[in-house]
Amino acid sequence: MGGAEQAYIQQAFNVNWISTAGPQINQLESRLAAYTQNKHAAVLASGTAALHLALRILGVNAGDSVICQTFTFAGSAFPITYQGATPVFIDSEPGTWNMDPNILEDSLKQITKSSNQQLPKAIIPVHLYGMPAQMDEIRQVAGKYAIPIIEDAAEALGSVYRGRPCGSWGDMGVLSFNGNKIITTSGGGALLSDNRQYIEKARFLATQARDAAPHYQHSEAGYNYRMGNINAAIGLGQMEVLDERVKRKREIWQFYYNELKEIFEFQLPAEKIQVNKSTAKQIRSNRWLTTIITRSFAQREALRQALETENIESRPLWKPMHLQPVFKEAPCFGGGVAEDLFERGLCLPSGTALTEEDLTRIVAIIKRVIR
Ligand SMILES: *Cc1c(COP(=O)(O)O)cnc(C)c1O
């Protein structure tokens, strides 16, 4: 926690708004919309709930397909199955580790060629570990086929792409405030958009889809997906330290990078974008997690186990969705890049509470293993 959270919680108690409405919810929604440069925001029970509502709002139903980055956390893809739709997975490109715009375009060409196949109803790119995906290229392809984009920015609050915040590049954007994210409301998420109707529809569906009537009347199925006002109060406190957290996360990444760049590969902004310096500067990952690519699976495991022996937790990168037993029937275009990242990649300790001493110790252990 940042320090101001309890004061915000006290304010919520003072006005006695404890449940899923209240001034703290309204304030957090305004703050998030302003911070991410969206016109509207709805805070919700989780990032997964936000993604699910986005799919509902776009009319995704049984028999439809939705394109999703394969290299991601399962929370990006599960909501597709809630709607009875099929995920179509797309491989990553080696630089940012996010959705490869060329593979995306190839997949849509192939899908349109086979006569009885309908176009996917939405595209879900992810800014994994906070690294902005190539949104210009992805938007160009999506625009060509008129497919809406749901931007999964769950890991990327505080990241910037071409001078504009992540979460502002899709038809809708999704944030998560789960306990492991850069800021937390204990659990929660948000749906972001410039489209007022989308956000109003999200609030309607999130509160059990109650029609305007004095009695309880429902014309369609709804959900209990709202965030509580006490959680929103925590969120207001967390927003005060967000920029500080991003700064510290980026310092931690820089420390590892300086020490280890000759030994491992790191996740970097897309090269194509770095054509001129001013643009390159405008691409900024929040460096939610520092991640490295080792030489081999064996080396990755040796490192992970050596750290574990010292009671230091590290973890393999996300296992691609197309390799998950639950998604074994789902189509995937490409997949080799994501598989390689999973095989050789490792998340290093990245908590903002790490001291220089901690970091020095971790790096020393890593270098010892490599030698
Ligand atoms: C955390 C996360 C989600 C889901 O958010 P929850 O708030 O945990 O439901 C979705 N996508 C990605 C990429 C995430 O990291």
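Conventions we followed
Residues numbered from 1 in each chain as written. Predicted model: local features only at pLDDT ≥ 70, side-chain atom pairs only at ≥ 80, totals over all residues. Heavy atoms only, no water. Helix = DSSP H or I, 4+ residues; strand = E, 2+ residues; numbered from the N terminus. Contact = heavy atoms within 4.5 Å. Domains from an automatic or database assignment. Buried area = accessible area lost by both parts, 1.4 Å probe. Buried < 20%, exposed > 50% of the residue type's maximum accessible area, 1.4 Å probe, protein only. Pairing = 2+ DSSP bridges. Disulfide = S-S within 2.5 Å. Salt bridge = Lys/Arg side-chain N within 4 Å of Asp/Glu carboxyl O.

Within the secondary structure layout, Thr291 lies in strand 11 (residues 290-293). Those residues in contact with Thr291 that sit more than four places away from it in its chain are Trp97, Tyr129, Glu265, Phe266, Gln267, Leu317, Leu346 and Cys347.

A separate point is the domain arrangement of the protein. Looking at the assigned domains, one finds that the protein contains domain 1 (5-242) and domain 2 (243-370). Each of domain 1 and domain 2 has a C-alpha centre, and these two points are 24 Å apart. Residue-level contacts link 46 residues of domain 1 with 42 residues of domain 2. Of the roughly 3900 Å² buried at the junction of domain 1 and domain 2 (both faces included), carbon and sulfur atoms supply 64%. Counting the surface domain 1 buries against domain 2, the share from its top three residues, Phe89, Trp97 and Tyr129, is 20%.

Across a regular strand the side chains alternate sides, sitting on one face of the sheet and then on the other. Summarising burial for strand 2 (residues 65-69): five of the five residues are buried, a large majority. What you see with strand 2 is no split at all: Ser65, Ile67 and Gln69 on one side and Val66 and Cys68 on the other are buried throughout. Bridge count for strand 2 against strand 3 (residues 86-90) is five bridges, and the pairing is parallel. Along strand 3, the bridge assignment pairs Cys68 with Phe89. Pairing geometry for strand 2 and strand 4 (residues 123-124), over two bridges, is parallel. In the strand pairing of strand 4, Cys68 is matched with Ile124.

On to the state of the cysteines, then. Throughout this description, disulfide means a covalent bond between two cysteine sulfur atoms. All chains considered together, the criterion is met by zero disulfides. In this structure Cys68 is a free cysteine whose sulfur lies 10 Å from that of Cys332, the closest cysteine sulfur available. We note that Cys166 lacks a disulfide partner, and the nearest cysteine sulfur, in Cys68, lies 16 Å from it. Since its relative accessible area comes to 1%, Cys166 is described here as buried.

Further remarks concern the pattern of salt bridges. Under the criterion given, the structure shown has 20 salt bridges. With a shortest N-O distance of 3.3 Å, Glu29 and Arg226 are connected by a salt bridge. Taken together, the residues Glu29 in helix 2 (residues 23-35) and Arg226 in the loop between helix 7 (196-206) and helix 8 (229-260) connect sequence positions 197 residues apart. Residue Glu29 is classed as buried on the basis of its relative accessible area, which comes to 7%. Salt bridges sharing partners connect three or more residues here, namely Lys247, Arg248, Glu251 and Glu356.

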